[in-house]
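# Report on the structure
Read off the chains here:
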Amino acid sequence: MIADADALLKPLTIRGVTFRNRVMSTSHAPGYGKDGKPQERYQLYHEEKAKGGIGLTMFGGSSSVALDSPATPWAQISVADDSVIPYFERFSERIHGHGAKLMIQLTHMGRRTKWDTDNWLPTLSASPRREPASRSIPREMDAGDIARVVADYAAAARRCAEGGLDGLEVSAAHGHLIDQFWSPSVNRRSDGYGGSLENRMRFGIEVLEAIRKAVGDRFLVGIRMSGDELLAEGLSQEDCVAIAAEYARRGLVDFLNVMGGQARDHIAHAISLPNMSFPVAPFLYLASAVKREVDVAVFHAQRVTDLATAARAVAEGHVDMVAMTRAHIADPHLVKKLSEGRADDIRQCVGAGYCIDRIYVGGDALCLQNAATGREATMP
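Residues numbered from 1 in each chain as written. Predicted model: local features only at pLDDT ≥ 70, side-chain atom pairs only at ≥ 80, totals over all residues. Heavy atoms only, no water.

## A closer look at the overall build of the chain
- Along the chain, the regular secondary structure elements total 14 helices and 12 strands.
- A globule of 380 residues ought to have a C-alpha radius of gyration of about 21 Å, and the chain, at 19 Å, matches this closely.
- Considering the chain as a whole, with its 380 residues, one finds that 63% of them fall into the buried category.
- The long-range share in the chain, meaning contacts at least 24 apart out of those at least 6 apart in sequence, stands at 69%.
- Entry remark: accessible area of the chain is about 14500 Å², with carbon and sulfur atoms responsible for 51%.
- The average position of the 44 basic charges and that of the 47 acidic charges among the side chains of the chain differ by 2 Å. (Helix = DSSP H or I, 4+ residues; strand = E, 2+ residues; numbered from the N terminus. Rg over C-alpha atoms; globule rule 2.2 N^0.38 Å. Buried < 20%, exposed > 50% of the residue type's maximum accessible area, 1.4 Å probe, protein only. Contact = heavy atoms within 4.5 Å. Areas by Shrake-Rupley, 256 points an atom, 1.4 Å probe, with all protein chains shown as cover. Lys, Arg positive; Asp, Glu negative; His and termini not counted. Charge placed at Lys NZ, Arg CZ, Asp CG, Glu CD.)

Structure follows, in structure tokens:
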């Protein structure tokens, strides 16, 4: 018996889109992409969660909107041209056929990638400051670069809407381009995109305004962001709450997906993807702080591995939807088992990190607990 389980199973409606419950899987990178597209293996992986009762599954962690944000070296999704639309259409049909909703995460990586892959184009950022993880030294974006990348975001968003997805989130977490403009640890500009927090928010505002114009009013648009970069020269919790409140006040977002930390180097990345050495839900307080200041839906993910913690997060009003991403890798049918009163049958995620570790050595996401993950076409 899970206390407050009813809170998890209650529907949620955002801008006319109704999710059948409050449980989701966030956009992540299982390494199943092929030729820059979400082909059958990728779709079957998410379809299993839809069969298992999930309310919302999001795919395409770091799906690229432009050619100078390469996707294929990490088996990611490229949304830089219209050839991806038929894959989105089939993907949407699969997920909707089981009653779940489907969204994507769009991004431009900025300096958080390498130049010598795919098209061998130089990396870009708010300022020419080297990123520790990728060791990339980017070119500072000029006015033409900014206008082009904003247009790339809008075009990619239009492809998502035409593909039948229910919405998208823009990544401004893990050190991607939008938060490279936000963060004083990267942005050292002296023009209208640098200096004050108000100026540093400008690029993200322009991106979201262009996206909304491209997709219309019936398509969900959100942003994934940090609630505190946990970095001395980075964005503080106060800064992040101010950004969230301003973007919500302007009507730019329908939801905010709040996480803790950033990923500029290996230690920071390990903290932002907490393993079994961390307590459960170590950064829920950051999402809760944002929710107190905004009037849009708030989502959260980071080591919410059990239903009791997830139910408490929703029942106590900390978030509107709770993500159990790695928990669904271990058991994609956990919501169905909860609703059928079989919570004790759920295969528990133990936070071993095998699913993540494999990706960073060029592999694909597999699970210590569930051999069928990623093998849905051949293994029941």
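## Remarks on helix H4 (residues 143-162)
- The end-to-end C-alpha distance of H4, which contains 20 residues, comes to 29 Å, matching closely the 28 Å that a straight helix rising 1.5 Å per residue would cover.
- Buried within H4 are the following residues: Asp-145, Ile-146, Val-149, Val-150, Tyr-153, Ala-154, Ala-156, Ala-157, Arg-159 and Cys-160.
- Regarding H4, its N-cap is Asp-142, as a side-chain oxygen of that residue lies 3.1 Å from the backbone nitrogen of Gly-144 further along.
- In the segment just after H4, Gly-164 is the residue with positive phi, at about 85°. (Expected span 1.5 Å × (residues − 1). Polar contact = N/O pair within 3.5 Å; in protein donor to acceptor, adjacent residues only side chain to side chain.)

## Thoughts on a nonpolar patch on the surface
- Together, Leu-230, Ile-267, Ile-271 and Tyr-285 make up a nonpolar patch on the protein surface, roughly 380 Å² of accessible area in all.
- Mapped onto the secondary structure, Leu-230 falls in the loop between strand S9 (220-226) and helix H8 (237-249).
- On the basis of relative accessibility, which here comes to 41%, the residue Leu-230 falls in the partly exposed class. (Patch = residues over 30% accessible without salt bridge, like charges linked within 9 Å, V, L, I, M, F, W, Y side chains within 5 Å. Salt bridge = Lys/Arg side-chain N within 4 Å of Asp/Glu carboxyl O.)

## Focus on the pattern of salt bridges
- For the structure shown, the criterion picks out 25 salt bridges.
- Between Arg-112 and Glu-131 there is a salt bridge; the shortest N-O distance is 2.8 Å. Of this pair, Arg-112 sits in the loop between strand S5 (101-107) and strand S6 (124-125) while Glu-131 sits in the loop between S6 and strand S7 (139-140), and the two are 19 residues apart along the sequence. Residue Arg-112 shares its accessibility class with Glu-131, and that shared class is buried.
- The partner of Arg-189 in a salt bridge is Asp-191, with the nearest N and O atoms 2.8 Å apart.
- Classification of Arg-189 by relative accessible area gives buried; the value is 8%.
- Judged by its relative accessible area of 33%, Asp-191 is partly exposed.
- A single network of salt bridges, built from pairs that share partners, joins Asp-68, Arg-139, Asp-145, Arg-148 and Asp-152.

## Section: the sheet that holds strand S3 (residues 23-25)
- Pairing is parallel around the closed barrel formed by 8 strands, whose spatial order is S3-S4-S5-S8-S9-S10-S11-S12. Taken over all neighbouring pairs, the strand axes of this sheet differ in orientation by 25° on average, direction set aside.
- Sheet topology places S3 next to strand S12 (residues 321-323); 2 bridges connect them, and they run parallel. Looking across to S12, one finds that Val-23 is bridged to Val-322.
- Across the face of the sheet, helix H2 (residues 40-51) comes into contact with S3 and strand S4 (56-64) while running at roughly 150° to S4.
- Along the sheet, helix H10 (residues 284-291) contacts strand S10 (255-259) and strand S11 (297-300); its crossing angle with S11, the most-contacted strand, is approximately 175°. (Pairing = 2+ DSSP bridges. Axes fitted to C-alpha atoms, helices over the stretch in contact; angles between N-to-C directions.)

## Here we look at the packing of aromatic side chains
- The final tally for this structure, using the stated rule, is 11 aromatic pairs.
- When the ring of Tyr-42 is compared with that of Phe-91, the centres are 6.3 Å apart and the planes differ by 75°; the resulting orientation is edge-to-face. Of the two residues, Tyr-42 is situated in helix H2 and Phe-91 in helix H3 (residues 85-96); the sequence distance between them amounts to 49 residues. For the pair Tyr-42 and Phe-91, one class covers both residues: buried.
- Between Trp-182 and Tyr-247, the aromatic rings sit 5.6 Å apart at their centres with planes inclined by 85°, giving edge-to-face as the arrangement. Highlighted residues: Trp-182 in helix H5 (residues 177-182) and Tyr-247 in helix H8, separated in sequence by 65 residues.
- Taking the relative accessible area as the measure of exposure, Tyr-247 reaches 1% and is therefore buried.
- Ring-pair connections join several aromatic residues into one group, and the members of that group are Tyr-32, Tyr-42, Tyr-45, Phe-59, Phe-88 and Phe-91. (Phe/Tyr/Trp six-rings, centres within 6.5 Å; stacked < 30°, edge-to-face > 60°.)

## Looking at the environment of Phe-219
- By secondary structure assignment, the location of Phe-219 is in the loop between helix H7 (202-215) and S9.
- Linking Phe-219 and Asp-166, residues 53 residues apart in sequence, is a C-alpha distance of 6.3 Å.
- Discounting residues that sit within four places of it in the chain, Phe-219 has contacts with Arg-15, Cys-160, Ala-161, Leu-165, Asp-166, Gly-167, Leu-168, Arg-212 and Asp-254.

## Considering the packing of H2 against H3
- Taken N-terminus to C-terminus, the directions of H2 and H3 make an angle of 25°; their axes are 9 Å apart at the nearest point. Of the possible angle classes, the one that applies to H2 and H3 is roughly parallel. For the element pair H2 and H3, the recorded crossing hand is right-handed. Judged by residue contacts, Glu-40, Tyr-42, Gln-43, Leu-44, His-46, Glu-47 and Ala-50 of H2 engage Tyr-87, Arg-90, Phe-91, Arg-94 and Ile-95 from H3.
- Residues of the contact of H2 with H3, tallied by class, amount to 6 nonpolar, 2 polar and 4 charged. (Parallel < 35°, antiparallel > 145°, perpendicular 65-115°, else oblique. Left-handed = near helix turned anticlockwise from the far one by under 90°. Nonpolar A, V, L, I, M, F, W, Y, C, P; charged D, E, K, R; others polar.)

## Quick look at H2
- Between its first and last C-alpha atoms H2 spans 16 Å; for 12 residues at 1.5 Å apiece the expected length is 16 Å, and the two agree.
- Buried residues dominate H2, accounting for 9 of its 12 residues.
- Where H2 is concerned, the buried positions are Tyr-42, Gln-43, Leu-44, Tyr-45, His-46, Glu-47, Glu-48, Lys-49 and Ala-50.
- Buried residues along H2 sit in contact with S3, S4, H3 and helix H12 (325-330).
- Looking at the residues trailing H2, positive phi occurs at Gly-53, about 100°.

Remember that the coordinates give geometry; whether it matters functionally is a separate question.
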